[in-house]
Amino acid sequence: MMSRAIVLRIALGAVVASVVAACGSGSGPIELPAPAPSPVTSNIALVLGSGGPRGFGHIGVLKALEDAGIRPDLIVGSSAGALIGTLYASGMNARALERLAEDMSLLPFLEPQFLVGRPGTGKPIQKFVDRMVSNRPLQAMATPIRIAVTRLPDRTLLLLGQGDAGLAVRASAADPDRYASVRIGQTEYADGDLVAPVPINAARELGARFVIAVDVSAYASETPADVPEEWRRKDARRAQQIAAEASGANVMLHPNLGYYAGFSADYRRRVIELAEQHTRQRLPEIRAAMLAAGLKPPQQRSAAQPSIVTRLAHNPQALSK
């Protein structure tokens, strides 16, 4: 669990936020990401975990929760969860995120370094996020958000809640296997997944009354026999960290998205669909947990439109509509 000392450092860290010169867009000074100065008042916190391309599954969770009338008033995201969470916190609804996921090309995210086996910078991720949120800083989002990052070299968890949203997400998603660490001010940061794949305790420390956590990592039972030992160790480390915090969630959602992740549009549609189905099946449990916590479950919205995967199953031309 995050110690009180870490929480104190999070609070005090806000006073060292600074401003750097304008970037090449000429849009003016950019505020460096920094911890927000104080906890938030939250009835429902949504914690979105790491997972690389599996993170598209978070969109399916958001679709089901939206249709049930369940809207978080705090989002805490790590790595892929930080990316989806920031876009959602900016005001995009789940179906807008789904359309974005269906239509987007991943080519702009490729970097020349990848071709020679060197880590990327993550700058395309930063630019994408800043463009999607209209260059608003984290503290200007429609829903409060905190982004989990790992401070190097002491591997301390910090939660960024103000400043440049794209740079914060870039740091949170800086998987050492793929990306270089990210310098913010005088400090290096890396993937939030290293210390908090699903930062439930952080949400509690921030004051969340009710926590819905989403784990999109692979099930251990789905691990193929021939995967590299390095992958097994990473999976085991992540599973152990998540298990250590799981009891802090009122509801833990863990859709089975299969073991191997992909980058195709078909893969994105499939994991969104699987996560949506899993969440819809768990809605009675979520509502019961809300009641047990003293929260009144909201009225469910009218019947949702079928998902793109369902429409395609019945009408292959639906994608063009």
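Relevant structure appears above.
Attention in this report is confined to the structure presented alongside it. What you are looking at is a predicted structure, and each value in this text was computed from that prediction instead of being measured. (Residues numbered from 1 in each chain as written. Predicted model: local features only at pLDDT ≥ 70, side-chain atom pairs only at ≥ 80, totals over all residues. Heavy atoms only, no water.)

1. Observations regarding the overall build of the protein
Here comes step 1: Within the protein, the regular secondary structure consists of 10 helices and 11 strands.
Here comes step 2: The buried share of the protein, reckoned over its 321 residues, is 54%.
Here comes step 3: Considering only intrachain contacts with a sequence separation of at least 6, the fraction spanning at least 24 residues in the protein is 76%.
Here comes step 4: Roughly 14,600 Å² of accessible area belongs to the protein as shown, and the carbon and sulfur atoms make up 56% of that amount. (Helix = DSSP H or I, 4+ residues; strand = E, 2+ residues; numbered from the N terminus. Buried < 20%, exposed > 50% of the residue type's maximum accessible area, 1.4 Å probe, protein only. Contact = heavy atoms within 4.5 Å. Areas by Shrake-Rupley, 256 points an atom, 1.4 Å probe, with all protein chains shown as cover.)

2. Considering the pairing of strand β10 (residues 208-214)
Here comes step 1: Burial of β10 is extensive: six of the seven residues sit out of reach of the surface.
Here comes step 2: Here six bridges tie strand β4 (residues 42-48) to β10, and the two strands are oriented parallel to one another. Residue pairing for β10: S42 is matched across the bridge by A208.
Here comes step 3: Note that β10 and strand β11 (residues 251-253) share three bridges and pair parallel. Paired with I212 across the strands is V251, a residue of β11.
Here comes step 4: With respect to chirality, the unit in which β10 leads through helix α8 (residues 229-245) into the neighbouring parallel β11 is right-handed. (Pairing = 2+ DSSP bridges. Right-handed = clockwise from strand over helix to strand, strands pointing away.)

3. A word on α8
Here comes step 1: Taking 1.5 Å as the rise per residue, α8 with 17 residues should run 24 Å; its terminal C-alpha atoms sit 25 Å apart, in good agreement.
Here comes step 2: Of the positions making up α8, those classed as buried are R238, I242 and E245. Buried residues of α8, seen end-on, are gathered within an arc of 60 degrees and therefore sit on one face of the element. Pointing more than 90 degrees away from the buried face of α8 are the exposed residues R233, Q240, A243 and A244.
Here comes step 3: Check the buried side of α8 and you find it contacts α7 (200-205) and β11. (Expected span 1.5 Å × (residues − 1). Arc of directions from axis to C-beta.)

4. Examining the environment of G57
Here comes step 1: Along the chain, the position of G57 falls in helix α2 (residues 57-67).
Here comes step 2: Residue G57 is classed as buried on the basis of its relative accessible area of 0%.
Here comes step 3: Linking G57 and A80, residues 23 residues apart in sequence, is a C-alpha distance of 10.0 Å.

5. So, the environment of A45
Here comes step 1: Tracing the backbone shows A45 in strand β4.
Here comes step 2: On the accessibility criterion, A45 (0% relative accessible area) is buried.
Here comes step 3: Residues contacting A45, with those up to four places away along its chain left out, are D73, L74, A203, A208, F210, V211 and I212.

6. Considerations on the nonpolar core
Here comes step 1: Counting 62 residues, the largest nonpolar core has I70, I147, I212 and I286 as its most contacted members.
Here comes step 2: Tallying contributions element by element places helix α9 (residues 265-292) first for this core, with eight residues.
Here comes step 3: Look past the residues within four positions of I286 in its chain and what remains in contact with it is L65, I70, F210, I212, V251 and L253. (Core = buried A, V, L, I, M, F, W, Y, C linked by side-chain atoms within 4.5 Å.)

7. Comments concerning the packing of helix α3 (residues 80-89) against helix α5 (residues 123-132)
Here comes step 1: One can describe the packing of α3 onto α5 by two numbers: an axis separation of 10 Å at closest approach and a directional angle of 15 degrees. Relative to α5, the element α3 is oriented roughly parallel. Regarding α3 and α5, the two cross each other, and that crossing is right-handed. Contact with α3, carried on its side by L83, T86 and L87, involves F128, V129 and M132 of α5 and no other residues of that element. (Axes fitted to C-alpha atoms, helices over the stretch in contact; angles between N-to-C directions. Parallel < 35°, antiparallel > 145°, perpendicular 65-115°, else oblique. Left-handed = near helix turned anticlockwise from the far one by under 90°.)

None of the figures reported here should be taken as evidence of function without further support.
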